[in-house]
Amino acid sequence: MSKWEEKELSEFFSQYNDILEIKYGFTTICDFIKQHNSIKKVLDLGCGSGALTPFLAPIVPQMIGADISKYAIELAREIHKDSGVIFTYPTELHHYTNDIPFDTVISAFVLCTLKTEDSVRAIFRQVNSHVIKHGYYMTLDFNLDAIGIDFGPFKTGEAGKTYRDGNTLLTTLWTKTGKPFSFHDTYWSLEKRIACAEEAGFSLYQKLIPHVPNFKPPFIISVFKKEEEL
Ligand SMILES: C[S@@+](CC[C@H](N)C(=O)[O-])C[C@H]1O[C@@H](n2cnc3c(N)ncnc32)[C@H](O)[C@@H]1O
């Protein structure tokens, strides 16, 4: 069981001050969706307590959030009970899709929580089984070129330190009430993500880098496209 499945961390994360994620990460994802009329059915894989829900639910006709954490799913169901979004476990997804796959899957801050290369490979394979051919897998994560920068609500890793695939990154987040909490993420270079994606039938389609005036962007969104069934 990963740390993210624990109750305390799920609750902390639901109180996190996600102002930067909204401004630069979630908005960039929404802009991409608005520019692609074919996107109608979206899976938020690793939805946590549903931070993306208020932004995606109004612009996509059908959306499901899935997470392996019981606490995250319970919180998401409670917080977003009027959103029309279904929150469930990945193993239960077949009950809700009527065998019609998603055209887009989104994972926000999920790859960085995976501890092993096998688990990175496994999530791409999992997504391949849920998404249509030529559908998208959008992954939002920290900008690896901005490691160690104190962005205010969060800081990931130490400036000047060299990280390699699989290395631990100490991340600190601050809640809306100013309470800090720290945990370990894992460094996966873009090259490694692309290699895992390609093994699972995807190609890198676009890198969406939000523009932040006078600053390095805190996040990057890699959009993968499914080229083949496994
Ligand atoms: C850092 S949280 C991010 C939550 C949410 N996406 C957000 O941006 O607020 C990572 C979440 O991914 C979930 N997770 C990790 N591996 C997963 C997998 N293979 N399938 C579904 N959820 C997963 C964890 O349980 C956790 O809730």
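Chains are numbered independently. Their residues run from 1 in the order of the written sequence. Since the coordinates come from a predicted model, pLDDT governs what is reported: local features require at least 70, and pairs of side-chain atoms require 80 or more to be given and counted, while whole-chain, interface and lining totals use all residues. The side-chain quantities take in all heavy atoms of the structure and omit both hydrogens and water.

Visitor: Can you walk me through the overall build of the protein chain in this structure?
Guide: Summing up its helical and strand segments, the protein chain has 7 helices and 10 strands in all. It is over C-alpha atoms that the radius of gyration is taken, and the globule rule equals 2.2 Å times the number of residues to the power 0.38. Taking 230 residues into account, the globule formula puts the C-alpha radius of gyration at 17 Å, and the protein chain, at 17 Å, falls close to it. Each of the 230 residues in the protein chain was classed as buried or not, and the buried ones make up 51%. The contacts in the protein chain between residues at least 6 apart in sequence include a share of 64% that link residues at least 24 apart. The Shrake-Rupley method, run with a 1.4 Å probe sphere, supplies the accessible areas, and residue values consider only the shown protein chains as cover. By element, 51% of the accessible surface of the protein chain is carried by carbon and sulfur atoms, the whole surface being about 11,100 Å². A helix here means a DSSP run of H or I that spans at least four residues, while a strand means a run of E at least two residues long, and both kinds are numbered starting from the N terminus. The cut-offs for exposure are 20% and 50% of the maximum accessible area for each residue type, with area from a 1.4 Å probe on protein chains only; residues under the lower value are buried, those over the upper are exposed, and the others partly exposed. Throughout, a residue-residue contact means that at least one pair of heavy atoms, one from each residue, lies within 4.5 Å.

Visitor: Help me out: how do you make sense of the nonpolar core in this one?
Guide: As a rule of thumb, nonpolar side chains are buried together in soluble globular proteins. Formed by 40 residues in total, the largest nonpolar core has its most connected members in Ile-29, Leu-56, Ile-106, Met-138, Leu-140, Phe-154 and Phe-219. Where this core is concerned, the elements lending two or more residues are α1 (7-14), α2 (19-35), α4 (70-79), β4 (102-108), β5 (131-142), β8 (180-186) and β10 (219-226). A per-element tally of this core places α2 first, with 7 residues. Leaving out residues up to four positions away in the same chain, Met-138 has contacts with Ile-29, Phe-32, Thr-104, Val-105, Ile-106, Ser-107, Leu-208, Ile-221, Ser-222 and Val-223. Here the nonpolar core consists of buried residues drawn from Ala, Val, Leu, Ile, Met, Phe, Trp, Tyr and Cys, with membership extended through side-chain atoms lying within 4.5 Å.

Visitor: Help me out: how do you make sense of the state of the cysteines in this one?
Guide: One way to say it: the disulfide is the covalent bond shared by the sulfur atoms of two cysteines. Any two cysteine sulfur atoms lying within 2.5 Å of each other are counted as a disulfide. One pass over the structure, following the stated rule, counts 0 disulfides. Looking at Cys-47, it has no disulfide partner, and the nearest cysteine sulfur is the one in Cys-112, 15 Å off. Judged by its relative accessible area of 7%, Cys-47 falls in the buried class. Cys-112 provides the cysteine sulfur closest to Cys-196, a residue in no disulfide bond, and the two sulfurs are 14 Å apart.

Visitor: Is there a simple way to think about the sheet that holds strand β7 (residues 168-174) in this case?
Guide: Strand pairs in the sheet, formed through backbone hydrogen bonds, run parallel or antiparallel to each other. Strands sit in the order β6-β7-β8 across an open sheet of 3 strands; the sheet is antiparallel. Among the strands making up the open sheet, the edge pair consists of β6 (154-156) and β8. The sheet shows a mean angle of 15 degrees between the axes of neighbouring strands, direction not considered. When β6 meets β7, the two strands line up antiparallel, connected through 3 bridges. Bridge pairing in β7 links Phe-154 to Leu-173. Any two strands are treated as partners once DSSP identifies two or more bridges connecting them. All axes are obtained by fitting lines to C-alpha atoms, using only the stretch in contact for helices, and the reported angles, taken between N-to-C directions, cover 0 to 180 degrees.

Visitor: Would you mind going over the pattern of salt bridges with me for this structure?
Guide: Any two side chains of opposite charge can pair, so long as their charged atoms come close to each other. Every case where a carboxyl oxygen of Asp or Glu lies within 4 Å of a side-chain nitrogen of Lys or Arg is listed as a salt bridge. Enumeration over the complete set of coordinates arrives at 8 salt bridges. Where Glu-78 meets Lys-81, a salt bridge forms, and the shortest distance between an N and an O atom there is 3.2 Å. Here the salt bridges share partners, and the residues they tie into one network are Glu-117, Asp-118, Arg-121, Lys-192 and Glu-199.

Visitor: Explanation requested: the packing of aromatic side chains in the structure shown.
Guide: One pair of aromatic rings is described through two measures. These are the centre distance and the angle between the planes. Two aromatic rings, drawn from Phe, Tyr or Trp (for Trp, its six-membered ring), form a pair once their centres lie within 6.5 Å of each other, and the interplanar angle then sorts them: stacked below 30 degrees, edge-to-face above 60, tilted otherwise. Taken as a whole, this structure holds 16 aromatic pairs when the rule is applied. Look at Tyr-137 and Phe-202: their rings are 6.3 Å apart centre to centre, the planes differ by 50 degrees, and that puts the pair in the tilted class. Of the two residues, Tyr-137 sits in strand β5 while Phe-202 sits in strand β9 (residues 202-208), which places them 65 residues apart along the sequence. Taken individually, Tyr-137 and Phe-202 each receive the classification buried, so the pair is uniform in this respect.

Visitor: It is not clear to me how the site of the ligand should be interpreted in this structure. Could you clarify?
Guide: Surrounding the ligand, one finds 18 residues, the nearest of these being Phe-13, Gly-46, Asp-67, Ala-108 and Phe-109. One of the backbone nitrogen or oxygen atoms of Gly-46 is found 2.7 Å away from a nitrogen atom of the ligand. Ala-108 is positioned with one of its backbone polar atoms (N or O) 2.8 Å from a nitrogen atom of the ligand. When the residues that make up the shell around the ligand are grouped by side-chain class, the tally is 12 nonpolar, 5 polar and 1 charged. Working definition: residue near molecule or strand if any one of its non-hydrogen atoms lies within 4 Å of it. In protein, a polar contact requires one atom able to donate a hydrogen and another able to accept it; more generally it is a pair of N or O atoms within 3.5 Å, and residues adjacent in sequence count only if both atoms are side-chain atoms. Residue polarity follows a fixed list, in which Ala, Val, Leu, Ile, Met, Phe, Trp, Tyr, Cys and Pro are nonpolar, Asp, Glu, Lys and Arg are charged, and the others, Gly among them, are polar.

Visitor: Explain unusual backbone geometry to me, please; I cannot follow it from the model alone.
Guide: Of note, the phi angle at Phe-109 is positive, near 55 degrees, even though the residue is not glycine. Inspection of the secondary structure puts Phe-109 in the loop between β4 and α6 (117-130). One non-glycine residue, His-134, lies in the positive phi region at around 70 degrees. Here His-134 lies in strand β5. A residue is classified by how much of its surface remains accessible, and His-134, at 45% relative accessible area, is partly exposed.

Visitor: Explanation requested: the packing of α1 against α4 in the structure shown.
Guide: Between two packed helices, the angle of one axis relative to the other and the distance separating the axes together describe the packing. Contact geometry for α1 and α4: axes closest at 9 Å, N-to-C directions at 35 degrees. The way α1 lies across α4 gives a crossing that is right-handed. Together, Lys-7, Ser-10, Glu-11 and Ser-14 of α1 and Tyr-71, Ala-72, Leu-75 and Ile-79 of α4 make up the contact between the two elements. Its residues assigned to classes, the contact of α1 with α4 shows 4 nonpolar, 2 polar and 2 charged. Should the near helix be turned counterclockwise from the far one by less than a right angle, the crossing is left-handed, whereas a clockwise turn marks it as right-handed.

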